[in-house]
Amino acid sequence: MSKLIFKIDKKIDFQNHLIQIKWRNKTGFKYNKKDIDYFESIESSKNVQEQWKKFEEYSKDFYSEENKSNRDDILSFYQTSWGEIENIYINKMEEIHKNKFPYKIIYGILSTSPGGWGFNLGGENPWFVCPNDKSDRFLKIAMHEIMHGFFIEYFREEYKTKFDLNDNQLWDIQESLTVLLNIELSNILPEPDLGYPQHKKIREEVTQVWLETRNINDVLDSLCKNFKK
């Protein structure tokens, strides 16, 4: 059985919309006017019930009964495509992080968000979201988001304490480490993991130290020391 299960969960999709409203300026995704107006309408809503109604209106086509066969088709495509590369991905992630895959099961939730992929990797039912269309780009997003899980599970608290890092610095490190996907998993990555523009120099440092040492602790030590200078 796969360790990653793709499914539909409307409530989690709604949570992801709220996450993107909070983070959209930091992530730098480009939204069209319709989507910006939608996010602003959610922000100006009086309560969660009003937000939910606007979300339902925005995403109604995807969740309609007429679209059920398409939803099922996307889920099947995702599950089959992921199944072809899961063992390769997990083995390489365990090798990089020198730790076991941190989840018995993790869920990939299809989202109607116009951009941005949130996650909740703690608790009994860890999840991340991915696009709701039938394309290979979901593979990059899945590999990217699950890689965050390794950092959060095995390194985040240790390095936060060791170097007295704040949450923004930890986020910068977490997002920069995914450049290793381009180095170690280019054979299954459908497109390069580009990261955010503000992390360009950090990702270059990750690449340099990794190619010199092939040791994740050396990479993290180097990054954290530079953050404290």
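The structure contained in this document is the topic of the report that follows.

**Digging into the overall build of the protein**
When you go through the protein residue by residue, the secondary structure sums to 11 helices and 4 strands. Looking at the protein as a whole, 49% of its 229 residues qualify as buried. Nonlocal contacts in the protein, meaning residues at least 24 apart in sequence, comprise 70% of its contacts between residues at least 6 apart. Approximately 12,000 Å² of the protein is accessible, and the part contributed by carbon and sulfur atoms is 48%.

**So, the pairing of strand β4 (residues 127-130)**
For a regular strand, side-chain orientation follows a simple rule: the groups alternate between the two sheet faces. What you see with β4 is no split at all: W127 and V129 on one side and F128 and C130 on the other are buried throughout. In terms of strand pairing, strand β3 (residues 119-120) meets β4 through 2 bridges, oriented antiparallel. When the sheet's bridge partners are listed, N120 is paired in β4 with W127. Where β3 folds back on β4, the antiparallel hairpin that results is connected by 6 residues, among which G123 adopts a positive phi of roughly 80°.

**Some words on the sheet that holds strand β1 (residues 4-7)**
Spatial ordering of the open sheet is given by β1-β2-β4-β3, a layout of 4 strands whose pairing is mixed. Sheet topology places β1 and β3 at the edges, where each strand pairs with a single neighbour.

**A look at the pattern of salt bridges**
Following the criterion strictly, the structure yields 17 salt bridges and no others. Salt-bridge contacts for K10 lead to E56; the nearest nitrogen and oxygen are separated by 3.0 Å. Taken as a pair, K10 in helix α1 (residues 10-27) and E56 in helix α3 (residues 48-63) lie far apart in primary sequence, 46 residues in all. The partly exposed category is assigned to K10, whose relative accessible area is 26%. Close ionic contact of K92 with E184 constitutes a salt bridge, the shortest N to O distance being 3.4 Å. A residue pair is termed long-range when its members are at least 10 positions apart, and K92 in helix α5 (residues 86-97) and E184 in helix α9 (residues 180-184) qualify at 92 residues. As far as burial versus exposure is concerned, K92 and E184 are alike and both buried.

**A closer look at the side chain of Q20**
By the element assignment, Q20 lies in helix α1. Relative accessible area serves as the criterion here: at 3%, Q20 is assigned to the buried category. Leaving out residues up to four positions away in the same chain, Q20 has contacts with Y31, F39, S113, G115, G116, W117 and G118.

**As for the pairing of strand β2 (residues 106-110)**
Of all 5 residues in β2, 4 are buried, a share of seventy percent or more. Two strands pair when backbone bridges link them, and β1 and β2 are joined in this way by 4 bridges, in the parallel orientation. Directly across from L4, in β2, lies its bridge partner I106. Sheet topology note: the β2/β4 ladder contains 4 bridges and is parallel. Paired with L110 across the two strands is C130, which belongs to β4.

**Considerations on the nonpolar core**
Core analysis: the biggest nonpolar cluster contains 63 residues, and W82, Y89, M143 and L177 have the highest contact counts within it. Per element, the largest residue contribution to this core is 9 residues, and it comes from helix α6 (residues 137-154). The residues contacting W82, other than those within four sequence positions of it, are S2, L4, F6, Y89, F138, L139, A142, M143 and I146.

Cut-off values and rules
- Residues numbered from 1 in each chain as written.
- Predicted model: local features only at pLDDT ≥ 70, side-chain atom pairs only at ≥ 80, totals over all residues.
- Heavy atoms only, no water.
- Helix = DSSP H or I, 4+ residues; strand = E, 2+ residues; numbered from the N terminus.
- Buried < 20%, exposed > 50% of the residue type's maximum accessible area, 1.4 Å probe, protein only.
- Contact = heavy atoms within 4.5 Å.
- Areas by Shrake-Rupley, 256 points an atom, 1.4 Å probe, with all protein chains shown as cover.
- Pairing = 2+ DSSP bridges.
- Salt bridge = Lys/Arg side-chain N within 4 Å of Asp/Glu carboxyl O.
- Core = buried A, V, L, I, M, F, W, Y, C linked by side-chain atoms within 4.5 Å.

Function cannot be read off these values alone, since they describe shape.
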